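Residue-level structure breakdown
Residues per chain, in single letters:
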Amino acid sequence: MSKGYLINNVLEFWPEEHSLVSRGAERKTISINVPASRCFLLLLERRSDLVPQHDFFNFVWGDAGDTVPPNTLYQNISILRRGLKAIIEQPVDLVVTVPKQGFKLNEGAEVVEIDSVNKAVPNAILPLEDKESTANKSSPQLNEAPLPAVTIREGNLRRWYAMLALLLLAITAAHYYLLTREKDFTPYFNSYTALKNSGQCHIYVNNDAEDYTIHQKALQMINLNCRLYPYVYVTAYQFIPVVSLITCNKPFDEQKKTLRCASYNLRGVHSS
């Protein structure tokens, strides 16, 4: 049973799912990224008390909070506000900015703790496969028998890791393709979060990571030449044992003729 919050009797927030759910006539759900979700959770736990900026860094990013610049916090507060406005569509700003100090929840907000038993079910449009399975529930299906459980044997672990490595190589190749296309493109790394600069290096990490511990370990394992390739883009997840790095001579959003990049795939970072 998961814990949630009901705000002003019109909005549900489910921290474990990082989702905002409306309780109006037209129910809808919006998912926000993990850092924005944890920012909202901290505000709700403190209710109308002022939350200093340094508390957000510790609560949202943990040990990596010291490397996160203030702009990243402001960016995630902005993401949270856009999600809230899209759900409740009212002029009252639930998240109040206290200049040079931090943020707090609007003092007029009514917050009630709820559990998953009270959760509203949004009237969302089901994916095509869900609609078909619902429509055909009454008719027998030849493929409805449960699939046998699959166990990964120790001897197959190397093959599994190799497949994941190939997947990351394919992603890296796709990145390179974006760099070499003749037509204009939308920069892939626009959504990445900037960490504090390290010497000549400008470090960017994937914004959907829960923390940046693995990213920092990867950066310590490799000797980067930031004089030639100062812009570093790191992609890492807890459940994928390979870390991808792409280093460029200029920001990724510049034109192909002047942009040069190198890519790396690191293994063993998680266990170090």
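All of the points below concern the structure found in this document.

Rules and cut-offs
- Residues numbered from 1 in each chain as written.
- Predicted model: local features only at pLDDT ≥ 70, side-chain atom pairs only at ≥ 80, totals over all residues.
- Heavy atoms only, no water.
- Helix = DSSP H or I, 4+ residues; strand = E, 2+ residues; numbered from the N terminus.
- Buried < 20%, exposed > 50% of the residue type's maximum accessible area, 1.4 Å probe, protein only.
- Contact = heavy atoms within 4.5 Å.
- Salt bridge = Lys/Arg side-chain N within 4 Å of Asp/Glu carboxyl O.
- Pairing = 2+ DSSP bridges.
- Axes fitted to C-alpha atoms, helices over the stretch in contact; angles between N-to-C directions.
- Core = buried A, V, L, I, M, F, W, Y, C linked by side-chain atoms within 4.5 Å.
- Expected span 1.5 Å × (residues − 1).
- Arc of directions from axis to C-beta.

1. Thoughts on the environment of leucine 94
As for its position among the elements, leucine 94 is in the loop between α3 (70–88) and β6 (95–98). The exposure class assigned to leucine 94 is buried, which follows from its relative accessible area of 3%. C-alpha separation for the pair leucine 94 and leucine 84, spaced 10 residues apart in sequence, amounts to 7.9 Å. Apart from residues lying up to four places away in sequence, leucine 94 is in contact with Ile7, Asn8, Leu11, Leu84, Ile88, Lys104, Leu105, Asn106 and Ala109.

2. With respect to the pattern of salt bridges
Applying the stated criterion to the full structure yields six salt bridges. Arginine 47 serves as the salt-bridge partner of glutamate 113, at 3.9 Å between the closest nitrogen and oxygen. Taken together, the positions of glutamate 113 in strand β8 (residues 111–115) and arginine 47 in the loop between α1 (34–46) and β5 (51–52) put the pair 66 residues apart, joining distant regions of the chain. Owing to a relative accessible area of 46%, glutamate 113 belongs among the partly exposed residues under this scheme. In this structure, glutamate 107 and lysine 104 form a salt bridge, with 3.1 Å as the shortest nitrogen-oxygen distance.

3. Comments concerning the sheet that holds strand β10 (residues 202–205)
Here five strands make up an open sheet; going across it, the order is β9-β10-β11-β12-β13 and the pairing mixed. The sheet is open, and its two edges are formed by β9 (193–194) and β13 (261–267), each paired on a single side. Pairing between β9 and β10: two bridges, direction antiparallel. Of the residues in β10, the one forming a bridge with alanine 194 is tyrosine 204. Across the sheet, helix α6 (residues 213–221) lies against β10, β11 (231–237), β12 (240–248) and β13, angled at about 125 degrees from β11, the strand it touches most.

4. Section: the nonpolar core
Of all hydrophobic cores here, the largest spans 51 residues; its most connected members are Ile7, Phe13, Phe40 and Val243. Not counting residues within four places of it along the chain, the set of residues in contact with isoleucine 7 comprises Phe13, Phe40, Leu44, Leu94, Ala109, Glu110 and Val111. Membership of the second largest hydrophobic core comes to eight residues, among which are Phe189, Tyr233, Ile246 and Cys248.

5. Here's the deal with the side chain of threonine 72
Looking at the element boundaries, threonine 72 is found in helix α3. By relative accessible area, threonine 72 is classed as buried at 3%. Among residues more than four places away in sequence, those in contact with threonine 72 are Trp61, Thr193 and Ala194.

6. Considering the environment of leucine 20
Considering the arrangement of structural elements, one finds leucine 20 in strand β3 (residues 19–22). Separated by 11 residues in sequence, leucine 20 and serine 31 have C-alpha atoms that sit 6.3 Å apart. Setting aside residues no more than four positions away along its own chain, leucine 20 makes contact with Leu11, Glu12, Phe13, Lys28, Thr29, Ile30, Ile32, Phe40, Gly83, Leu84 and Ile87.

7. Some points on the pairing of β6
Pairing geometry for β6 and strand β7 (residues 102–105), over four bridges, is antiparallel. Of the residues in β7, the one forming a bridge with valine 98 is glycine 102.

8. As for α3
End to end, α3 covers 27 Å across 19 residues, agreeing with the expected 27 Å (1.5 Å per residue, within 8%). Every buried residue of α3 is accounted for by Thr72, Leu73, Asn76, Ile77, Ile79, Leu80, Gly83, Leu84, Ile87 and Ile88. For α3, the buried positions fall inside an angular range of 155 degrees around the axis, keeping them on one side. Facing away from the buried side of α3 by more than 90 degrees, the exposed set consists of Asn71, Arg82 and Lys85.

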